[in-house]
Amino acid sequence: MKQVTIKNNFIELSAINFGAIIQKIIVKNKKGEDTNVVVGFNNPEDYLSKDAGRFLGACVGRYAGRISNNGFAIGNTNYPLKSVDGVHLHGGEETFGKKYWEVAEVNHGDTPFVKFSYTSKDLEGGYPGNVTVMVTYKLVGKSLEIIHEATTDKTTIINLTNHSYFVLDDASNVNDYDLELNCNQILDTLDNLLPTGKLTPVTNTKYDFLTRKQLKETRLDTSFVINSAKKENTAATVFSKKSGISLEVNTNQPAMVIYTPVDFAGICFETQNYPDAPNHPNFPSSVLEPGETYNNTSTFTFDVL
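Since the structure is predicted, the reported quantities are computational estimates derived from the model, not experimental observations.

### Topic: the overall build of the chain
No. 1: Counting its secondary structure elements, the chain contains one helix and 27 strands.
No. 2: Principal-axis analysis of the C-alpha atoms places the extent of the chain at approximately 60 × 45 × 35 Å.
No. 3: Per-residue burial over the chain gives 53% buried out of 305 residues.
No. 4: The contacts in the chain between residues at least 6 apart in sequence include a share of 65% that link residues at least 24 apart.
No. 5: For the chain, the accessible area works out to roughly 13200 Å², and carbon and sulfur atoms hold 46% of it.
No. 6: Where the 28 positive side-chain charges of the chain centre and where its 35 negative ones centre are 3 Å apart.

Spelled out as structure tokens, the structure:
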């Protein structure tokens, strides 16, 4: 297993080639103390045995989120996917988050970055096409840019995201975090969190974070639709008064799954396409054609307030 560390004057990032996992992101809190703002293990080998399906810091794919119907169709061809209780999650057993990636490039210059690459063979996990994937973690000032790219030699579907759990202080939960979202709708879901195909307004619901408020005891595993009419605004802002650390999220993606687990402190901002888009024609297309390049660029900006 290979570990790479890059840093600038504001951020230090460590990543490993297993799952292209972000292991640590070190920033300063309001007292000037180094603070690791992602959940992870100090020993890289622990990700092999102790992650237990959490996808801590990993790149997940080929399709992030849930897929229904035990698969999907492209044209007249059906592609079955292994599912558990009717749900295929984060690419299933062949998820990119459990693969060994190549360290393609490391740059320690003024804009340091590490680039990981992985080639997924045709029908790996049930998905068509030989797909080449690149994930770049780049430090630009106070921001971490995460750039997911992919190409294919056969029509396929793709939806990649990073699955870091952000934790901005040493509290035992995220109840005191302030959260603001540029998201005025969520995907309506069944009990198993598969989308119904409908969008639901957040106004006057527990999902209404259009103005900043504390999370308190609200726990989320929710697909938020980013308000494309306000592209100049951040998709999400989260802030800890205890540490003074704030995080802003920007993305070129149409949605963001926000996940706050019940058993440990952390909040995921999984910037991506809609879950189960291949089975909902009214959702944004997740199809990638030969000659095209898939791109998910998301920026995570840290500051002290």
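### Considerations on the side chain of E270
No. 1: Inspection of the secondary structure puts E270 in strand β25 (residues 267–272).
No. 2: Summary of buried charges: E270 has no salt-bridge partner, and the nearest side chain of opposite charge, R66, is 7.1 Å away.
No. 3: Apart from the residues within four sequence positions on either side, E270 is in contact with H90, T161, N162, H163, A255, M256, V257 and Y259.

### Overview of the sheet that holds β25
No. 1: Strands sit in the order β16-β25-β24-β21-β18-β19 across an open sheet of six strands; the sheet is antiparallel. Looking at strand neighbours, the two that pair on one side only are β16 (165–166) and β19 (195–201), the edges of this open sheet.
No. 2: Of the strand pairs in this sheet, strand β24 (residues 255–259) and β25 are connected by five bridges, and their pairing is antiparallel. Opposite I258, over in β25, you have F269 as the bridge partner.

### Describing the environment of Y137
No. 1: Inspection of the secondary structure assignment puts Y137 in strand β12 (residues 131–140).
No. 2: Accessibility expressed as a relative area gives 0% for Y137, which makes it buried.
No. 3: Between the alpha carbons of Y137 and I6 there is a distance of 9.2 Å; along the sequence they are 131 residues apart.
No. 4: Here the side chain of Y137 touches A20 through a polar contact of 2.5 Å, landing on its backbone oxygen.

### Observations concerning the sheet that holds strand β13 (residues 143–152)
No. 1: The nine strands are arranged β10-β11-β12-β13-β27-β23-β22-β17-β20 in an open sheet whose pairing can be described as antiparallel. In the strand order of this sheet, the two ends are held by β10 (102–107) and β20 (213–214), each with one partner.
No. 2: Direction of pairing for strand β17 (residues 178–181) relative to strand β22 (residues 236–239): antiparallel, over a ladder of four bridges. Within the sheet, the bridge partner assigned to E180 lies in β22 and is T237.

What counts as what
Residues numbered from 1 in each chain as written. Predicted model: local features only at pLDDT ≥ 70, side-chain atom pairs only at ≥ 80, totals over all residues. Heavy atoms only, no water. Helix = DSSP H or I, 4+ residues; strand = E, 2+ residues; numbered from the N terminus. Buried < 20%, exposed > 50% of the residue type's maximum accessible area, 1.4 Å probe, protein only. Contact = heavy atoms within 4.5 Å. Areas by Shrake-Rupley, 256 points an atom, 1.4 Å probe, with all protein chains shown as cover. Lys, Arg positive; Asp, Glu negative; His and termini not counted. Charge placed at Lys NZ, Arg CZ, Asp CG, Glu CD. Salt bridge = Lys/Arg side-chain N within 4 Å of Asp/Glu carboxyl O. Pairing = 2+ DSSP bridges. Polar contact = N/O pair within 3.5 Å; in protein donor to acceptor, adjacent residues only side chain to side chain.

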